[in-house]
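# A closer look at the structure
Below are the chains, spelled out letter by letter.
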Amino acid sequence: MLKLFKKKKESQSTEPAKLPQHIAFICDGNRRWAEARGLPPLMGHKAGISNFENLVDWFIARGVSTITFFIFSTENWNRSKEEIDFLMDLFYTELKKNLKHAVEKNLRYRVIGSRDRLPKKLAKLCDELEEKSAENTGGTVVFALNYGGQDEIINAVNDAIAAGKPVDKETFETFLDTGELLPIDLMVRTSNEYRISNFLLWKLAYAELLFLPEHWPDLVKSEKLWQFTLDEFAKRNRRFGGGKKANYAGIKK
């Protein structure tokens, strides 16, 4: 895919009206990236965060207001203890850096998903990151950590039942962990995987989907790929079920 960019000008920009306000990334292919380079698989996870803050700053600077990253699903607990321990330590180190980043860039951070199974120090850090950045207005960064879309909806249903009141779409959203977040405009998944994998099922209702062959560590470092995602979104014709106007004159009912 990178060959495609050689035919394009380096200084591209996307019209503000065609920008996604909420981009969600499924960060796939870290282990495959490492294995392809003869590295230990866990080193792919480390490479996947190596340029994370620059990616966030780039999209925010261009007018994207919310960015969500799917970093650990409820199903990922089925991986080896060695990998899970490595990831939890990596998340802790990264969130520590994000505290500073939140202050410097006026960013609000959210961590969605259950914290029950997280190491105590990591769960506490998630709380601290949210609390200290809650009033920031420069953009919103969301980590989906121990998150599952079906779990989120089931929990919201139970909370709505406990509240004892009928709900419509708007009031039901208030029971979701992601209730105050914007709907997702664009979901990007890397590493030639063509699934949504139980990710933000409610917020994905009318999202545009983009699947890339590059592994996540390649995307996280490539400004060309970042621009490519915006350019691809700008090409989409979003009708939200309305369809195009058509002339039905003369058609028998």
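So, a few notes on the structure that sits alongside this text. The shown structure was predicted, so the numbers you read here are calculated from the model rather than taken from an experiment.

Across the five residues that make up strand β3 (residues 108–112), a large majority, five, are buried. Here β3 shows a buried face lined by Arg108, Arg110 and Ile112 and a second buried face lined by Tyr109 and Val111. In this fold, the crossover linking β3 to strand β4 (residues 140–147) by way of helix α5 (residues 120–133) has left-handed handedness.

Taken as a whole, this structure holds 22 salt bridges when the rule is applied. For Asp28, the salt bridge is made with Arg32, and the minimal N-O distance between the two is 3.1 Å. Arg32 gets classed as partly exposed once you look at its relative accessible area, which sits at 32%. Among the salt bridges present, the one from Glu208 reaches Arg238, with a minimum N-O distance of 3.6 Å. Pair noted here: Glu208 is in strand β6 (residues 208–211) and Arg238 is in the segment after α9 (223–235), with a separation of 30 residues, a long-range link. Taking relative accessible area as the criterion, Glu208 reaches 16% and is therefore assigned buried. Salt bridges here are not isolated pairs; linked through shared partners, they connect Arg108, Arg110, Arg115, Asp127, Glu130 and Glu180.

Contact geometry for helix α4 (residues 81–105) and α5: axes closest at 10 Å, N-to-C directions at 15°. By the criterion of interaxial angle, the relationship of α4 to α5 is roughly parallel. Here α4 runs over α5; the crossing is left-handed. In contact with Met88, Phe91, Tyr92, Leu95, Lys96, Asn98, Leu99 and Ala102 of α4, α5 contributes Lys121, Leu122, Leu125, Cys126, Glu128, Leu129, Lys132 and Ser133. Partitioned by chemical class, the residues of the contact of α4 with α5 number 10 nonpolar, two polar and four charged.

Now for the packing of aromatic side chains. Applying the stated criterion to the full structure yields 17 aromatic pairs. Measuring from centroid to centroid gives 6.1 Å for Phe69 and Trp216, while their planes differ by 75°, and the two rings are edge-to-face. Remark: Trp216 occurs in helix α8 (residues 216–219) and Phe69 occurs in strand β2 (residues 66–73); sequence separation between them is 147 residues. Of the two residues examined, Phe69 and Trp216, each falls in the buried class. Each member of the aromatic cluster is reached from another via a ring pair, and the members are Phe25, Phe52, Trp58, Phe59, Phe69, Tyr109, Phe143, Trp216 and Trp226. In this structure, Arg117 is placed above the aromatic ring of Trp77, and the distance from its NZ or CZ to the ring centre is 4.3 Å. Positioned above the aromatic ring of Tyr92, the side-chain terminus of Lys121 is 4.5 Å from the ring centre.

Analysis parameters
Residues numbered from 1 in each chain as written. Predicted model: local features only at pLDDT ≥ 70, side-chain atom pairs only at ≥ 80, totals over all residues. Heavy atoms only, no water. Buried < 20%, exposed > 50% of the residue type's maximum accessible area, 1.4 Å probe, protein only. Helix = DSSP H or I, 4+ residues; strand = E, 2+ residues; numbered from the N terminus. Right-handed = clockwise from strand over helix to strand, strands pointing away. Salt bridge = Lys/Arg side-chain N within 4 Å of Asp/Glu carboxyl O. Axes fitted to C-alpha atoms, helices over the stretch in contact; angles between N-to-C directions. Parallel < 35°, antiparallel > 145°, perpendicular 65-115°, else oblique. Left-handed = near helix turned anticlockwise from the far one by under 90°. Contact = heavy atoms within 4.5 Å. Nonpolar A, V, L, I, M, F, W, Y, C, P; charged D, E, K, R; others polar. Phe/Tyr/Trp six-rings, centres within 6.5 Å; stacked < 30°, edge-to-face > 60°. Lys NZ or Arg CZ within 6 Å of the ring centre and 35° of its normal.

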